[in-house]
Structures are given as C-alpha cells and as structure tokens.
Amino acid sequence: MNYIAGVSREQSLLFPEVLDDYIPAENPVRFIDAFVEGLALEALGFRHAAPPETGRPPYDPGDLLRLYLYGYLNRVRSSRRLEAEAQRNVEVLWLLRKLTPDFKTIADFRKDNGPAIKAVCRQFTLLCKKLELFGGELVAIDGSKFAAQNAKDRNFSQKKLKALLEEIDQRIERYLGDLAAADHTDEQAPGATPSAAGLQEKIAALRERRGRYGELLEGLEESGQSQVSLSDPDSRAMSQGAGVTVGYNVQAAVDAKHSLIIETDVTNTTSDSGELGGMAIKAQEALGVKTLSVVADKGYYNGKEILACDSIGVTAYVAKPMTSANTAQGLYGKERFTYQAESNCYVCPAGQELTYRFSTNEKGRATAGAAN
C-alpha cells in the first residue's frame, strides 16, 4: 500500500487570473474592507487621513486600519506577525492590495491612533445596533486579567517594601559585623570573608537601594495608593488563577443575542466587586434601552453595586458568595437558614423557628441576632 501522494512541484497550475477570485463573497475580509470604506477617518481623528502636500507619501490610515482589524479578528496582535501576514497571506494581500508595511509602521499606527481606533469600535457598535444584531435584553459582564509591560520585581506594595527594607537592614548589619571582623584580621586566606573594601562597596550599594525603597514607601503612604509599578505606572499586581500577574483588569459587556461585545473598560482594580454598576450603565447607554437584565459571576456580588443597577432599571443576577466560616467548622452556614416573610423569622435546617433577639452593626451593615 502506498502513501497519499501530493502533486509534482513541476506540474503547471492554472491559478485565477485576478487576486479577487481567491476571496469568496462570504469571506470576513470583504466586510472589513466595506466597513472601513464607509468610515470618515478624518472626523474620527486618524493621522494622515488627509495626505500632506509635501514630503514622503504616508500609508493610507484606512489600509493600516484594515490590517489592524484583520489581526484583531484572527488573534494576530504582534506587529511583526502582521508584517509577515501582509507578505504571505492571500486574504491580507487582497485586503491591502499587496501593500507590505513594516512592523515599525504598524506599531506606530497603533500608538499614534489609540483614541481614533477606540472611536472605530464605537462606530462598529452603532452599526451592529443599526443592523439589529443586539438583542438589548440580556447582557453578560465579566473581566479578564491582561499582563502589562511590568515585571513582578518592579511592582511594590507597602508590605513588600517594608519586608525589603527589613531584609536590607539585616544584610547591612551582617556586613558591618563582617567589616569589624575584617579590621582585626591582618591577612586574609582565599575564600574567607570579603575584604574591607569589598564590604564597603556592598554596604554602599545596599544603602542606595534602601534609599530608593524608602522613597517609594513614603510616596505610597502619602498618596494612599496600595501599590506602585515602575515600568507601567497604572498596572497593579492581581491574582490570576493560582498565581499573580502585574497587569490590568479588562471588563467586557456582551449581548446575549449573537455574543457581540457592547462595551469594554480597562481598570487597574484588583477585583470585580466594584465594577458591576459602571459596566451596567455603559451597556445600557450603548444599547439605548431603559430596562436591561445583567448576569455576572459571584465575584461581582456587592450590595451597593446591585442597588445602583436597580436604580437605573437594570436587573442584576449575581450569585451570592458563601463567605461564612461555619461550614468549614462543621456548623450550618447562613445559606441553610430560610427566611419566612409572613412570620418575619428564619427557620433552621431542623425546622425550628429562630426568634429575633437583638440588632447590631457590622462593618457598616445592619445585622440581626436570633435564637430558637
């Protein structure tokens, strides 16, 4: 039995005579081309939307926008990879009419036209609304953590800085002890304690580092911020899965009809608990509706945020997290007790009514105590 055989590399092939024949009518690149063609690029704020009269001709921002949208649609974010796609991908060859911008041009386009690209996203949302692609009844909200250009060792919290300062003090004290010991030693054997000059250099370097950390700690205490990042100042350390990443918390609201994104927001909050109300308002405004249902996971559970949604006509469906420690101790958790509105009491798992005994205030929230 033979293998499946390919054709000979010397065989003559009859390719289509025009590039347009390679792109079917239903290919998404035709939509990208038509969408960008209908945009008023100058009004949206794109640089070089009106070509200059002198100098070297620039790339049409519409062509670079087409490439950017193609990369977004196909999860190709790197400017170097987009440069490669423009040279080998038939879809991109058609979309850009065989233009081949280099990676620096692509990267600069993104950097110089951030607000304009955001305005394009708004135009796409309006187009989807005009085509009735949004249901406008049910929206899901969720967040994702995106890493920033900031290494973990260049992100500091007050606790981390205090620990580093304490460690430096201990090392300086140890080096000072070694320095005192070196002063009493006339000759130093190979591999013994470093020389006095070497210890002095180490102590000076540690003191310089301590000064930098001290300034960072003082700045955090004055500003009231919990963290500081040196490479990407707006990024924050936040939990992601089983680890920690330094980055951003990107919120997205998605319409249920065709799973299209309605609104996005980039924050540096480390949790989702305070983001529900703001995203619900943005989704409601984008859809232009007065009433809306919103679903989110239990990470968004926050009484004030749910109340804010209710005040603007948004019904929020959020799972309540089980925060009681009683279950871990072998006791009944709060979720096991059922409230009876007609008798204004709770019923325990054993079927006994718990009568009201007292009221108290815990962390700004009114609570009641009961017993059977």
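Residues numbered from 1 in each chain as written. Predicted model: local features only at pLDDT ≥ 70, side-chain atom pairs only at ≥ 80, totals over all residues. Heavy atoms only, no water.

1. With respect to the overall build of the protein chain
Along the protein chain, the regular secondary structure elements total 11 helices and 12 strands. A compact globule built from 372 residues should have a C-alpha radius of gyration of about 21 Å, whereas the protein chain, at 31 Å, is more than 25% larger. In terms of its C-alpha atoms, the protein chain occupies a principal-axis envelope of roughly 90 × 80 × 70 Å. Buried residues in the protein chain amount to 29% of all 372 residues. At a minimum sequence separation of 6, the contacts of the protein chain that also span at least 24 residues come to 59%. Charge-centre separation for the protein chain: the mean point of 44 positive side chains lies 2 Å from the mean point of 50 negative side chains. (Helix = DSSP H or I, 4+ residues; strand = E, 2+ residues; numbered from the N terminus. Rg over C-alpha atoms; globule rule 2.2 N^0.38 Å. Buried < 20%, exposed > 50% of the residue type's maximum accessible area, 1.4 Å probe, protein only. Contact = heavy atoms within 4.5 Å. Lys, Arg positive; Asp, Glu negative; His and termini not counted. Charge placed at Lys NZ, Arg CZ, Asp CG, Glu CD.)

2. So, the packing of aromatic side chains
Tallying each qualifying case throughout the model produces 6 aromatic pairs. With centroids separated by 5.5 Å and ring planes inclined at 50°, the aromatic side chains of Phe-156 and Tyr-213 adopt a geometry described as tilted. One end of the pair, Phe-156, is in strand β2 (residues 155–157); the other, Tyr-213, is in helix α9 (residues 196–223), with 57 residues separating them in the sequence. Given a relative accessible area of 4%, Phe-156 falls into the buried group. Accessibility expressed as a relative area gives 14% for Tyr-213, which makes it buried. Grouping aromatic residues by their ring pairs yields a cluster made of Phe-31, Phe-35 and Phe-124. Looking at Lys-160, its charged tip hangs above the ring of Phe-156, at a distance of 5.1 Å from the centre. Stacked on the ring of Tyr-175, the Lys or Arg Arg-174 has its end atom at 5.9 Å from the ring centre. (Phe/Tyr/Trp six-rings, centres within 6.5 Å; stacked < 30°, edge-to-face > 60°. Lys NZ or Arg CZ within 6 Å of the ring centre and 35° of its normal.)

3. Considering the pairing of strand β1 (residues 138–147)
Pairing of β1 with strand β7 (residues 292–296) involves 3 bridges; the strand directions are parallel. Note that in β7 the partner of Val-139 across the bridge is Val-294. Across 9 bridges, β1 lies against strand β5 (residues 243–255) in antiparallel orientation. Residue pairing for β5: Val-139 is matched across the bridge by Asp-255. (Pairing = 2+ DSSP bridges.)

4. Section: the packing of helix α1 (residues 28–37) against helix α3 (residues 61–73)
Packing of α1 against α3 brings their axes to within 10 Å, and their N-to-C directions diverge by 140°. With respect to α3, the element α1 is oriented oblique. Remark: the crossing between α1 and α3 carries right-handed chirality. Counted together, Pro-28, Val-29, Ile-32, Asp-33, Phe-35, Val-36 and Glu-37 of α1 and Gly-62, Leu-65, Arg-66, Leu-69, Tyr-70 and Leu-73 of α3 form the full contact between these two elements. (Axes fitted to C-alpha atoms, helices over the stretch in contact; angles between N-to-C directions. Parallel < 35°, antiparallel > 145°, perpendicular 65-115°, else oblique. Left-handed = near helix turned anticlockwise from the far one by under 90°.)

5. As for the nonpolar core
Inside soluble globular proteins, nonpolar side chains tend to come together where they are buried. Leu-39, Phe-46, Leu-65 and Val-120 are the most contacted members of the largest nonpolar core, which totals 26 residues. Those elements giving two or more residues to this core turn out to be α1, α2 (41–44), α3, α4 (79–88), α5 (90–95), α6 (103–112) and α7 (114–130). Ranked by residues supplied to this core, first place goes to α3 with 5 residues. Ignoring anything within four residues of it in the chain, the contact list for Leu-39 reads Leu-44, Leu-65, Val-120 and Gln-123. Grouped together as the second largest cluster of nonpolar side chains are 20 residues, Ala-253, Met-279, Ala-280 and Leu-292 included. (Core = buried A, V, L, I, M, F, W, Y, C linked by side-chain atoms within 4.5 Å.)

6. Quick word on the layout of surface pockets
Computed from the structure, the largest pocket encloses a volume of approximately 2400 Å³. If you trace the largest pocket, you find 49 residues lining it, with Tyr-68, Tyr-72, Cys-121, Ile-261 and Thr-264 closest to the centre. For the lining of the largest pocket, the secondary structure elements donating two or more residues are α1, α3, α6, α7, β1, β5 and β6 (261–267). Each residue belonging to the lining of the largest pocket can be placed in one class, and the counts come to 30 nonpolar, 8 polar and 11 charged. (1 Å grid on protein atoms, 1.4 Å probe; cavity = no way out; pocket = protein on both sides within 12 Å on 5 of 7 lines; lining within 4 Å. Points joined across faces, edges and corners; volume = space filled by probe spheres on them. Nonpolar A, V, L, I, M, F, W, Y, C, P; charged D, E, K, R; others polar.)

7. Topic: the side chain of Thr-267
Inspection of the secondary structure assignment puts Thr-267 in strand β6. Leave out the neighbours within four places in its chain, and Thr-267 touches Tyr-248, Asn-249 and Glu-275.

8. Thoughts on unusual backbone geometry
For His-48, which is not a glycine, the phi torsion comes out positive at approximately 65°. If you check the backbone angles, Asn-344 has positive phi at about 55° while not being a glycine. Structurally, Asn-344 can be placed in the loop between β9 (338–340) and β10 (345–347). By relative accessible area, which is 55% here, Asn-344 ends up exposed.

9. Concerning a nonpolar patch on the surface
Together, Leu-13, Phe-15, Tyr-22 and Val-90 make up an exposed nonpolar region whose accessible area comes to about 390 Å². Of note, Leu-13 is situated in the segment before α1. (Patch = residues over 30% accessible without salt bridge, like charges linked within 9 Å, V, L, I, M, F, W, Y side chains within 5 Å. Areas by Shrake-Rupley, 256 points an atom, 1.4 Å probe, with all protein chains shown as cover. Salt bridge = Lys/Arg side-chain N within 4 Å of Asp/Glu carboxyl O.)

10. Some details on the packing of α4 against α6
Where α4 meets α6, the axes come as close as 8 Å, and the angle between the chain directions of the two elements is 125°. One finds that α4 runs oblique with respect to α6. For the pair α4 and α6, the crossing hand works out as right-handed. Counting all contacts with α4, which are made through Ser-79, Arg-80, Leu-82 and Glu-83, the residues of α6 involved are Phe-103, Ile-106, Ala-107 and Arg-110. A breakdown of the residues in the contact of α4 with α6 according to their chemical character gives 4 nonpolar, 1 polar and 3 charged.

11. Considerations on the side chain of Asn-27
Summarising the element assignment, Asn-27 is placed in the segment before α1. Of note is the side chain of Asn-27, whose polar atom sits 3.0 Å from the side chain of Glu-91. (Polar contact = N/O pair within 3.5 Å; in protein donor to acceptor, adjacent residues only side chain to side chain.)

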